[in-house]
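Report on the structure
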Amino acid sequence: MWKLLQIELFKIFKRPRTYIAFGAIAAVVFLIQIALKFDGKSYIDLLLSNLKDSFDFNDDFKLDLLNGYLICFVILNTLLIQMPLLVALISGDSIAGEANMGTLRLSLTKPISRTQYMLVKFLASVIYTVALLVWMAILALFGSMLIFGTNDMVVLRSEGIEQIKSFDVMWRYFAAFGYAAVALTTVSALSFLLSVFAENSIGPIIATMSIVIVFTILSEMNIPIYDQTVKPYLFTSHMVAWKGFFYVKADAEGTTINGSIENLPAIMRSLSILLIYIGLFFGSAVWVFRKKDILT
Amino acid sequence: MKQRTSRRWSWKIVLLLLGIPLLSGYKAAGPTAEEVIASVRAKLDKVNDYEANGKMKTNVVFIKAPIAKVKVYFKKPDKLRINNESGISFIPKGSVNINLNNIFLNGTGSFDIIDVGTEAGTNLRIIKLLPKDENSDVVLSTLYIDESQSLIRKAKTTTKDNGTYELEMTYGKYAEYGLADKVIFSFNTKDYKLPKGITFDYDDGSKKEQDPNKLKNKKGKVEIVYSEYSINKGVPDTVFR
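Keep in mind that this is a model prediction, so the values were computed, not measured.

Take the overall build of chain B next. When helices and strands are tallied, chain B shows 4 helices and 12 strands. Counting every position in chain B, which comprises 241 residues, the buried fraction comes to 28%. Counting only contacts in chain B whose residues sit at least 6 apart along the sequence, the fraction spanning at least 24 positions is 53%.

As structure tokens, then:
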């Protein structure tokens, strides 16, 4: 099985289109970094516009605020919404691509079970997803730290501002990237499931993106009828829970408690829901694949 | 007969007691408001500049911020800078008013002094300063002064554009310069809100407590506890840029 995984990884990383995702991430990260390096103050002015009557924001303050930690948060906020497409490019192609090339039947002549075959395929997709995230972490987090330096991190929420001491930030990023890996694996699992039904990879990729877009819109809309009925069950509502690691507790006087997380049980609940989705999508994919007539 | 004599004596004593203050004029009623202000100013005027280390706590309804190590620089007449030594701090507008010299910036002739008397309980002298200049941003300053030490314990400044600032001072070893060991600066804050389309907040499903008093409380507070001052040692102008 290990050998099979190596072969799958070789196949994934041998294809030029695999690197489109890496290139796209690098391009977006650099574009955001360049924009914020040269015009970050305008961005900060925009974000803090309704506080300018109460607080003094001099240029030093803005430069301190625009540190690597904040830049990485902005990049993650932007990119993690687009990344499902990049993940679906590989996992959507996983089974459907083999079927399209006519190699699926041949692959299954090897002395391994269909479950093992599916497991290896899915594992390879997960490794690709993690590799994408590591690449993003290197560019967005470490790259931004190098370009913008480090300082306290300020997280701007719709109804409040969270400030985290610089020494208390790094572990939150590791936790957030870990969580993002699970979130993107959910998309990967969905795409993988859809891939089982298709004979070419375009269908599962587009279907995955359509589902993610519709669910994301539903998750972000604040309409009471959806808030209590649909939203809590959509995996897209829980994909943004990585941000929860940057929401901190404060004492009665509003002083940040170092090392705290505002609502860890909620993050854990979201994580569990995503893991259930992964299990459900992957389990269904295996179940369907085992019963499927492989004709190509 | 004996009873009548003692009654006459007691009347004499009462008249004598009433007469002493009248004979000695107003001196016994304590210094005038102008004199109190002059003695407070004299104390504050001893300081030309200072550099102080302290810890700053920000208490604003919509901000969660850690306690910050700050350096406060002051230089006459009105330069003040609060620098966070190891991070970021949200510095409220009007924080220049934590320097009490600012109240008397345009000289004692620039405002009318109104003596309101003493505050019940604390015995602090309440003096209001009304700027003569109609275009002045400050509309009214109310000072609560400890007459015995010539120290301003509380100050309320009402401005045209930026609401009301309040200062509460606790003095210690730098009292002789009129410099506080602890300053609580209260200021008005406006609502903070960013569109969810920008922040993409994670909704953890928990119901946010809607404390009506908390929402009504539009006052922010900044508390600075000073550990040490370096007074009249010179502060370069570059610090204030």
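A separate point is the overall build of chain A. Helices and strands together make up the secondary structure of chain A, namely 12 helices and 3 strands. What you see for chain A is a C-alpha radius of gyration of 21 Å, in line with the 19 Å of a compact globule of 296 residues. Summarising its shape, the C-alpha atoms of chain A cover approximately 70 × 40 × 30 Å along the three principal directions. In chain A, buried positions account for 44% of the 296 residues. For chain A, the share of sequence-separated contacts (at least 6 apart) that also reach a separation of at least 24 residues comes to 76%.

All names here are of chain A. The geometry of helix α1 (residues 2-14) relative to helix α7 (residues 114-148) is characterised by a closest axis approach of 9 Å and an angle of 50 degrees between their N-to-C directions. Viewed along their axes, α1 and α7 adopt a mutual orientation that is oblique. For α1 against α7, the interelement crossing comes out right-handed. Counting all contacts with α1, which are made through Leu4, Leu5, Glu8, Leu9 and Ile12, the residues of α7 involved are Val120, Lys121, Leu123, Ala124, Ile127 and Tyr128.

How big an interface is tends to be reported as the loss of accessible area on association of its parts. With 31 residues of chain B at the contact, the number on the chain A side is 40 residues. Of all the elements in the fold, those that place two or more residues in the side of chain B that touches chain A are β1 (49-59), β2 (63-64), β5 (91-92) and α3 (196-199) of chain B. The element best represented in the side of chain B that touches chain A is β1 of chain B, accounting for 3 residues. Classifying every residue of the side of chain B that touches chain A gives 15 nonpolar, 8 polar and 8 charged. As defined by bridge partners, strand β1 (residues 55-56) of chain A adjoins β5 of chain B across 2 bridges and the pair is classed as antiparallel. The partner of Asp56 of chain A across the bridge, within β5 of chain B, is Ile91 of chain B.

Residue and element names in this part refer to chain A. In this structure, Leu70, Cys72, Ile75, Ala180, Phe281 and Ala285 are the most contacted members of the largest nonpolar core, which totals 134 residues. Take this core: its biggest share by element is 16 residues, from helix α4 (residues 68-94). Once residues lying within four places of it in the same chain are set aside, the contact partners of Ala285 are Met118, Phe192, Leu193 and Val196.

All names here are of chain A. Its 30 residues give helix α2 (residues 18-47) an end-to-end C-alpha distance of only 36 Å, which falls more than 12% under 44 Å, the value for a rise of 1.5 Å per residue. At Asp39, α2 is bent by approximately 85 degrees, the largest bend along its length. Of the surrounding elements, those touching the buried residues of α2 are α3 (59-65), α4 and α7.

Residues and elements named next belong to chain A. In the contact formed by α7 and helix α12 (residues 264-291), the axes pass within 9 Å of each other and the chain directions differ by 140 degrees. When the axis of α7 is compared with that of α12, the two are oblique. Handedness of the crossing formed by α7 with α12: right-handed. Contacts between α7 and α12 pair Arg114, Thr115, Met118 and Phe122 from the former with Phe282, Ala285, Val286, Phe289 and Arg290 from the latter. Its residues assigned to classes, the contact of α7 with α12 shows 6 nonpolar, 1 polar and 2 charged.

For the rest of this paragraph, the subject is the sheet that holds β1 of chain B. All names here are of chain B. Spatially, β4-β3-β1-β12-β11-β10-β9-β8-β7-β6 is the arrangement adopted by the 10 strands of the open sheet, whose pairing is antiparallel. In this open sheet, the two edge strands, each paired with only one partner strand, are β4 (79-84) and β6 (111-118). Direction aside, neighbouring strands of the sheet carry axes that sit 20 degrees apart on average. Summarising the sheet, strand β7 (residues 125-131) and strand β8 (residues 138-146) pair through 5 bridges and their orientation is antiparallel. The partner of Lys128 across the bridge, within β8, is Thr142.

Residue and element names in this part refer to chain B. In this structure, the hairpin formed by β7 and β8 is closed by a connection of 6 residues. With 8 bridges connecting them, β8 and strand β9 (residues 151-159) associate as antiparallel partners. When the bridges of β9 are listed, Ile145 appears paired with Ile152. The turn linking β8 back onto β9 is made up of 4 residues, and Ser150 within it adopts a positive phi angle of 55 degrees.

Moving on, we come to the environment of Asn77 of chain A. Mapped onto the elements, Asn77 of chain A comes out in helix α4. For the pair formed by Asn77 of chain A and Lys243 of chain A, sequence separation is 166 residues and the distance between their alpha carbons is 8.8 Å.

Attention now moves to unusual backbone geometry. Residues and elements named next belong to chain B. Cis geometry is found at the peptide bond from Lys76 to Pro77, where omega equals 0 degrees. Tracing the sequence through the fold places Pro77 in the loop between β3 (68-75) and β4. Residue Asn232 is not a glycine yet carries a positive backbone phi of 55 degrees. On the basis of neighbour count, Asn232 is assigned to the exposed category, with 12 C-beta atoms found within 10 Å.

Here we come to the sheet that holds strand β2 (residues 153-156) of chain A. The 3 strands lie next to each other as β2(A)-β3(A)-β2(B), forming an open sheet whose pairing is mixed. Looking at which strands have only one partner, the edges of the open sheet turn out to be β2 of chain A together with β2 of chain B. Note: β2 of chain A against strand β3 (residues 161-164) of chain A, 4 bridges, orientation antiparallel. Along β3 of chain A, the bridge assignment pairs Leu156 of chain A with Ile161 of chain A.

A few words on the confidence of the model for chain B. The predicted structure's coordinates, where accompanied by low pLDDT, should not be read in detail. Scored by pLDDT, chain B comes out at a mean of 80, with 82% of its residues at no less than 70. Below a pLDDT of 50 lies the segment residues 18-28 of chain B, which in the model reaches 1 contact outside its immediate sequence neighbourhood of four places, other chains included.

Our next topic: α12 of chain A. Residue and element names in this part refer to chain A. The terminal C-alpha atoms of α12 lie 40 Å apart, and with 28 residues this matches the ideal 40 Å at 1.5 Å per residue to within 8%. Those residues of α12 not exposed but buried are Ile267, Ser270, Leu274, Tyr277, Ile278, Phe281, Phe282, Ala285, Val286 and Phe289. Among the structural elements, α7, α8 (170-197) and α11 (235-239) are those in contact with the buried residues of α12.

Turning our eyes to something else, we now look at the environment of Ser42 of chain A. Take Ser42 of chain A: it is sitting in helix α2. In this structure the C-alpha to C-alpha distance between Ser42 of chain A and Lys62 of chain A, which are 20 residues apart in sequence, comes to 9.4 Å.

Conventions we followed
Counting restarts for each chain, with residues numbered from 1 along the sequence as it is written. The order in which chains are written sets their letters, starting at A; the order in which ligands are written sets their numbers, starting at 1. With pLDDT at 70 or above as the cut-off, local features in this predicted model cover only qualifying residues; side-chain atom pairs require 80 or more to be listed or tallied, and sums for whole chains, interfaces and linings still use all residues. Here a strand is any run of E in DSSP of at least two residues, a helix any run of H or I of at least four, and the numbering for each starts at the N terminus. Three exposure classes are used. Buried residues have 20 or more other C-beta atoms within 10 Å of their own C-beta, exposed residues have 12 or fewer, and partly exposed residues fall in between, all C-beta atoms being placed from the backbone. Here contacts are defined at the residue level, using C-beta atoms placed from the backbone and a cut-off of 7 Å between them. We compute the radius of gyration from the C-alpha atoms alone; for a globule the expected value is 2.2 Å times N to the 0.38, where N is the number of residues. What counts as an axis is a line fitted to C-alpha atoms, over the stretch in contact for a helix, and the angles between N-to-C directions run from 0 to 180 degrees. Just so you know how the angles are binned, under 35 degrees is roughly parallel, over 145 roughly antiparallel, 65 to 115 roughly perpendicular, and the rest oblique. Crossing handedness is defined as follows: a turn of the near helix away from the far one that is anticlockwise and smaller than a right angle gives a left-handed crossing, while the clockwise case is right-handed. For this classification, Asp, Glu, Lys and Arg are treated as charged, while Ala, Val, Leu, Ile, Met, Phe, Trp, Tyr, Cys and Pro are nonpolar and the rest, including Gly, are polar. For two strands to be treated as a pair, DSSP must find at least two bridges joining them. In these notes, a nonpolar core means any group of buried Ala, Val, Leu, Ile, Met, Phe, Trp, Tyr and Cys residues linked to one another through C-beta atoms within 7 Å. What a helix is expected to span follows from its residue count: subtract one and scale by 1.5 Å. Bending is quantified residue by residue as the angle between axes fitted to the seven-residue window ending at that residue and the seven-residue window starting at it. As a per-residue measure, pLDDT tells how confident the predictor is, with possible values from 0 to 100.

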